[in-house]
Every structure is written in structure tokens, then in C-alpha cells.
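Below, each chain spelled out in residue letters.
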2 protein chains.
Amino acid sequence: MLVDASWEEVQTGLLKHSRLLAGESISILEAAGRVSSEDLIADSDLPACNQSAVDGYAVADESPTGKGQYYITGHLDLGEISPLALKPGQAMGVLTGGNLPLGGRAVVPHEKVEIQNHYLRSREVIKPGNNIKPAGEDYVKGSQLLSRGSVLTPGDIGLLAAYGKTSVTVSRKPRVAVLCLSKHVVPWQSLPEPGQIRDSNGPLLSALVLQDGGLPISIKNVSKTETSVKTVAAELLEQADILIMTGGTYAEGGNEARRLMEQLGAEIIYWDVPVQPGSHTGASVRNSQLLFALSGNPAACAVGYQLFVAPVLRAMQG
Amino acid sequence: MLVDASWEEVQTGLLKHSRLLAGESISILEAAGRVSSEDLIADSDLPACNQSAVDGYAVADESPTGKGQYYITGHLDLGEISPLALKPGQAMGVLTGGNLPLGGRAVVPHEKVEIQNHYLRSREVIKPGNNIKPAGEDYVKGSQLLSRGSVLTPGDIGLLAAYGKTSVTVSRKPRVAVLCLSKHVVPWQSLPEPGQIRDSNGPLLSALVLQDGGLPISIKNVSKTETSVKTVAAELLEQADILIMTGGTYAEGGNEARRLMEQLGAEIIYWDVPVQPGSHTGASVRNSQLLFALSGNPAACAVGYQLFVAPVLRAMQG
């Protein structure tokens with residue numbers, strides 16, 4: 001257990017207990033912002049074939065002067081494949097992103113040619129490879145498209161689509177439950193009686209968890225529960241990766257959060273950290289689940305979340 | 001129609017056609033990141049009553065020296081209401097965030113008192129209001145909690161919960177459909193034939209739309225459609241606020257995107273903008289729906305989206 005530790009030491013200690021969650025396969029259309037849990041390798045070149053980089057004319061060879069005259073054998077539409085290979089002295093119209101005819105060794109942009117009677121003359125020197133986007137220029141077969149642990153951007157989603165991937169394996173979202181231990185705090189949907197206040201920490205934490213890629217699964221209050229607090233907490237831990245308790249963390253009040261963790265058989269990782277607000281805070285681990293105790297004061301609760309829970313949530317996703 | 005306009009002028013022109021979408025009521029638990037479409041006014045003070053700001057003792061008055069001796073009449077737990085008002089010379093134990101007993105005019109922190117036989121003596125000068133958090137210190141009844149058009153933060157969600165709000169009215173998400181007009185481009189789930197490529201723009205745009213708070217509702221390709229392109233586009237416009245077409249934007253290829261917009265009776269707002277990549281782009285308006293034509297090249301498509309679609313998506317949400 002960390003005693004008299006700084007919040008930086010506590011963060012480091014917590015990350016040692018943060019296991020990486022298993023992956024789940026989801027549609028690429030829902031995957032932006034999620035964390036890839038696989039390395040993805042290109043199974044083919046992208047583009048698959050040599051393409052024209054401009055609208056213009058593919059030519060078969062350079063002429064002796066580099067500015068030769070070519071017979072135009074036809075035009076290729078986007079997606080069309082030339083049935084015949086270009087021979088020396090021949091040219092074929094091509095479009096940006098369109099396939100090159102076999103034998104095409106350079107492309108002359110349409111604004112650089114003069115055309116007369118099916119013959120074109122280039123106004124610029126033609127060099128092999130000019131204005132050709134070669135197969136594999138974006139990605140060569142066998143190169144890495146995605147690395148495990150990277151956050152998927154919209155650009156990554158487009159790349160996955162270009163490779164025909166319909167799904168991708170991403171880290172499962174950490175499931176987080178919140179349990180409010182303050183007996184004078186009622187659920188936010190309830191009408192408080194005199195002396196009671198509504199729970200704002202449950203919705204606050206739920207929004208923060210969503211923002212950090214977690215899945216809030218439950219917000220419970222002990223004020224209205226008829227079963228024991230230990231039973232409620234144990235039930236939440238059947239589904240949650242992380243349980244955040246708020247309130248009941250101060251020694252003068254009996255430190256219910258810490259007693260509850262001990263009753264649940266959790267091993268305390270740290271307790272109390274010199275930060276203001278929010279010094280009354282702690283965490284424990286139980287079967288690789290993490291239990292946090294944060295102050296019941298909303299500002300202190302938010303500070304404790306950002307310092308201690310948020311880094312763990314992100315680490316669990318990779 | 002904007003002719004020879006810069007992309008900044010085009011953005012301004014587009015924003016004039018961007019209507020604010022109607023509001024929808026959603027649970028506060030799902031509202032973080034959404035845009036409030038209402039002003040929300042506090043219907044009571046927060047906190048509702050005077051509270052203690054520390055763990056300590058509420059006292060009824062200042063003694064003549066300011067460091068008097070007080071008889072401790074009892075202790076209030078959090079949420080408890082004192083049945084009796086404090087009289088001069090009396091003190092009562094209180095906790096941080098707990099209600100003050102009636103008649104309590106200051107609180108002495110517990111580390112600043114000496115206690116002997118139910119009497120406490122303060123080691124610091126007591127001034128009225130010391131360590132009291134007065135009713136309404138956070139929000140006074142009638143003050144504004146949220147303003148229309150603001151993006152809801154987790155802190156806002158906590159505040160709504162503290163006021164017992166279970167739902168909030170936010171701008172509806174703009175519904176966006178994508179239609180790929182390039183005939184050699186097949187859906188990304190399909191196996192392309194020689195000369196064809198897979199659609200990466202649909203999934204790319206879908207991820208970008210999600211990131212900007214929109215709702216991607218459909219990705220269609222004309223390559224496999226048996227009905228006319230106009231019919232497909234008209235069907236998408238029955239549900240979408242925004243239709244993004246990709247490909248078919250260049251004059252040499254017949255400018256299918258522009259012809260389609262005209263066939264649909266849409267009024268062209270701009271066409272072609274001097275940006276690289278992505279100069280072949282345009283937009284039109286039809287019954288307050290916006291239709292965009294973006295280049296089919298993925299990089300140019302992403303540029304066109306960021307310059308022209310993203311600002312509109314954000315404006316529609318407030």
C-alpha cells in the first residue's frame with residue numbers, strides 16, 4: 001500500500017494494476033476513436049495497379065527527342081482496362097486514378113499536348129514514370145496498416161475500407177459502475193427531503209467515463225437501498241471492470257468506503273493523497289477489478305476522477 | 001451562385017444556408033458533448049441552505065473577545081437537521097457540506113478548538129460567516145445554469161443532476177447520407193473486379209460526420225444500383241439533412257454530380273474552388289437541405305469535407 005505518496009506516485013502504482021482489456025470485433029463504421037487491438041498488414045498493394053496521376057495521355061515510350069508524336073489508339077474511362085498493350089509510338093487517353101494500359105510508361109497531362117488527326121505531340125519532355133502513380137505507392141503488400149494500441153482516426157477507417165475490411169478488433173470499453181455511499185444523498189431523479197441533496201456525482205462521473213472511452217453501466221445510491229451496501233457493491237462488481245465509490249471517505253465519518261473495500265476482500269493500493277480538493281481518496285484491487293473511493297464533494301470528486309480514474313481507463317484500452 | 005470565390009467566401013455562403021435544427025429531449029446521461037437548445041434557469045438556490053465548509057463546530061455568536069467558550073449541545077450528521085436553534089454560548093458539531101443549525105453564525109474548524117467537559121474553547125478569533133458556505137453561493141435562484149447553444153460538459157451534466165433535471169433539450173443531430181457517383185467504385189464490403197476499386201470515402205465520411213456530432217444514416221454506391229441515380233438521391237433526401245456525393249465532379253467526366261443536383265431541382269451555391277487537392281467541388285440547396293459534391297479522390301474528399309461540410313454540420317447544431 002502506498003503511504004504518504006504523491007499523486008504522481010499513486011498514478012504509477014495504479015497503472016501497474018491496470019490490465020489491458022480483451023478485444024471485440026466491431027464494424028469499421030463504429031470504430032473511429034476506438035483503440036485497435038490488432039496489427040493489420042496490407043494483403044495487397046495500394047493502388048493495386050499503376051495509375052495515372054493526371055488527366056492526359058499514356059504513352060508507350062519516350063521518343064528520341066523526348067517530345068515525340070504518338071498515335072492515339074483510344075480513351076480509357078475510369079475503371080476500364082485496356083484490352084491491348086500500347087506499342088511504341090502509341091498513346092491512350094487516361095483519367096486521374098484510372099488504370100494505365102499495359103506498356104504505358106509515362107503520362108502527358110492533357111494541357112501539355114497538341115492533338116491533330118488522332119496524333120498528339122507533347123509540349124514537354126517525356127521521362128519514364130512521369131505522372132504515374134505506381135502500384136503500391138500508398139501501401140506495399142506486407143506493410144503495416146494499423147498498429148495495435150493506436151486510436152483509429154477517420155483516415156484509418158477509410159484505409160480499412162479501401163482494403164475491404166468490414167470489421168476491426170478494438171479493445172473492449174471498460175465497464176464502470178458508480179456507487180454513492182453518502183446516506184443523505186438521494187438519486188438525482190428524486191425529490192430530496194430537508195437536509196438531503198441530490199446525487200450529482202453519478203451523472204458527472206458517467207459523462208466523464210463516456211468522454212474517456214468507458215461504458216458507464218450503473219449508478220447506485222445506498223440511501224434508498226434495502227439490501228446491505230456490501231451486497232450492492234458485490235453485485236456491481238459482477239459486471240464492472242471499475243467501481244467508483246463517492247462519499248464516505250473521511251476518517252471522522254467512519255471511512256465507510258475503505259471498510260467496504262476491506263469487507264469485499266480488496267487489497268488497498270493507496271489511501272489519502274495530498275491534493276486539494278480531494279485528499280480523502282483511495283483505491284483497491286480485487287480479482288483485477290479496480291475499486292476507487294472519491295470524495296463526495298463534486299469538485300473534489302472530479303479532481304479525483306481526472307487524477308486517478310481517467311489514466312486507468314485509458315490504459316485499459318491500450 | 002458563387003463564382004471564382006475563395007474557400008473562405010464559400011464557407012460564409014454555406015453558413016447562410018445552414019438552418020439550426022430543432023431540439024430533442026434526451027437523458028442527461030447521454031447529453032455530454034451535445035449542444036443545449038434551451039436556456040436553463042436555476043429554480044432554487046444551490047446550496048439550498050447555509051452549509052458548513054469544514055468539519056468543526058457551529059457557534060451561535062461571537063464572544064466579546066472573539067475567542068469564547070461554548071457549550072456543545074450535540075453533533076449533526078450529514079443530512080441531519082437540528083431540531084433546536086443554537087442560543088448564544090452554544091455550539092454544535094457539524095461536517096463539511098452539512099446543514100448549519102438555525103442560529104449558527106460561524107463555524108470553527110475542529111483543529112482549532114480545545115474541548116473539555118462538553119465545553120469548547122476556540123483558538124482562533126471567530127467572525128460571523130467564518131467557514132460558512134451560504135445558501136446560493138454556487139447558484140442563486142433565477143440565475144442561468146445553461147445557455148442555449150453551449151456544448152454540454154460533464155460539469156454541466158453534474159449541475160443538471162444537482163437540480164434534479166433528468167432530461168435536457170439538445171439540437172437534433174444532423175442526418176447525413178453519402179452517395180458515391182463513381183461507377184468504377186464498388187461498396188467497400190465487395191470484391192472489386194479488375195479496374196474497380198473499393199469505396200473508402202463512404203466509411204471515411206461516416207467517421208468524420210460522427211466525430212462532428214452528425215448522424216451518418218446511409219452510404220450508397222451507384223455502381224450496383226438498378227434504379228436511376230436520381231431516384232436513389234431523392235430517396236436519401238427523404239431522410240437526410242445533408243447529402244454528400246463523391247466522385248463525378250469533374251467537367252471532363254460529364255460532371256454528373258452537378259447534373260444530378262440540377263435534376264433534383266437544387267439551387268447551386270458554389271462550384272469549383274481554388275484549393276488543392278479538391279478543387280472540383282460544389283454544393284447546392286433544396287428545401288433547406290444541403291447537397292455537397294466532393295472529389296472522389298480520398299485525400300481531396302477529406303479536404304472538401306473539412307472545409308465545407310464540417311462547418312455546416314457544426315452550425316446546424318447551434
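Residues numbered from 1 in each chain as written. Chains lettered and ligands numbered in written order. Predicted model: local features only at pLDDT ≥ 70, side-chain atom pairs only at ≥ 80, totals over all residues. Heavy atoms only, no water.

A. Quick look at helix H6 (residues 298-316) of chain A. Residue and element names in this part refer to chain A. With 19 residues, H6 should reach 27 Å at 1.5 Å per residue; the first-to-last C-alpha distance of 25 Å fits that figure. Along its length, H6 shows its largest kink, about 40°, at Gln306. Restricting attention to buried positions, one finds in H6 the residues Ala300, Cys301, Gly304, Tyr305, Leu307, Phe308, Val309, Ala310, Pro311, Val312, Leu313 and Met316. Packed against the buried residues of H6 are helix H1 (7-16), strand S13 (175-180), helix H3 (201-211), strand S17 (242-246), strand S18 (267-271) and strand S20 (289-294). The backbone nitrogen of Ala299 lies 3.0 Å from a side-chain oxygen of the residue at the head of H6, namely Asn297. Just downstream of H6 lies Gly318, where phi reads positive at about 110°. (Helix = DSSP H or I, 4+ residues; strand = E, 2+ residues; numbered from the N terminus. Expected span 1.5 Å × (residues − 1). Bend = angle between axes of the 7 residues up to and from the residue. Buried < 20%, exposed > 50% of the residue type's maximum accessible area, 1.4 Å probe, protein only. Contact = heavy atoms within 4.5 Å. Polar contact = N/O pair within 3.5 Å; in protein donor to acceptor, adjacent residues only side chain to side chain.)

B. Fine view of the sheet that holds strand S20 (residues 289-294) of chain B. Residues and elements named next belong to chain B. Spatially, the six strands line up as an open sheet ordered S16-S13-S17-S20-S19-S18, and their pairing is mixed. In the strand order of this sheet, the two ends are held by strand S16 (215-221) and strand S18 (267-271), each with one partner. Put simply, the sheet's adjacent strands are angled 20° from each other on average, direction ignored. When strand S17 (residues 242-246) meets S20, the two strands line up parallel, connected through five bridges. From the neighbouring strand, Ile244 faces S20, where its bridge partner is Phe292. (Pairing = 2+ DSSP bridges. Axes fitted to C-alpha atoms, helices over the stretch in contact; angles between N-to-C directions.)

C. A look at the pattern of salt bridges. According to the stated counting rule, one finds 16 salt bridges over all chains in the structure shown. With a closest N to O distance of 3.4 Å, Glu262(A) and Arg258(A) form a salt bridge. Of this pair, Glu262(A) and Arg258(A) both sit in helix H5 (residues 256-263), four residues apart, which is roughly one turn of that helix. Taking relative accessible area as the criterion, Glu262(A) reaches 44% and is therefore assigned partly exposed. As a salt-bridge pair, Lys183(B) and Glu256(B) come within 3.2 Å of each other at their nearest N and O atoms. Placement of Lys183(B) in the loop between strand S13 (175-180) and strand S14 (185-186) and of Glu256(B) in helix H5 (residues 256-263) is noted, with a sequence separation of 73 residues between them. Owing to a relative accessible area of 55%, Lys183(B) belongs among the exposed residues under this scheme. Taken together, the shared-partner salt bridges in this structure form one network comprising Arg19(A), Arg172(A) and Asp241(A). (Salt bridge = Lys/Arg side-chain N within 4 Å of Asp/Glu carboxyl O.)

D. Region of the structure containing the packing of H3(A) against H6(A). Residue and element names in this part refer to chain A. Viewed as axis vectors pointing N to C, H3 and H6 meet at an angle of 30°, and their least axial separation amounts to 11 Å. Between H3 and H6, the angle is such that the two are roughly parallel. By crossing handedness, the relation of H3 to H6 is classed as right-handed. For the pair H3 and H6, the contacting residues are Asn201, Leu204, Leu205, Leu208 and Val209 in the first and Pro298, Cys301, Ala302, Tyr305, Gln306 and Leu313 in the second. (Parallel < 35°, antiparallel > 145°, perpendicular 65-115°, else oblique. Left-handed = near helix turned anticlockwise from the far one by under 90°.)

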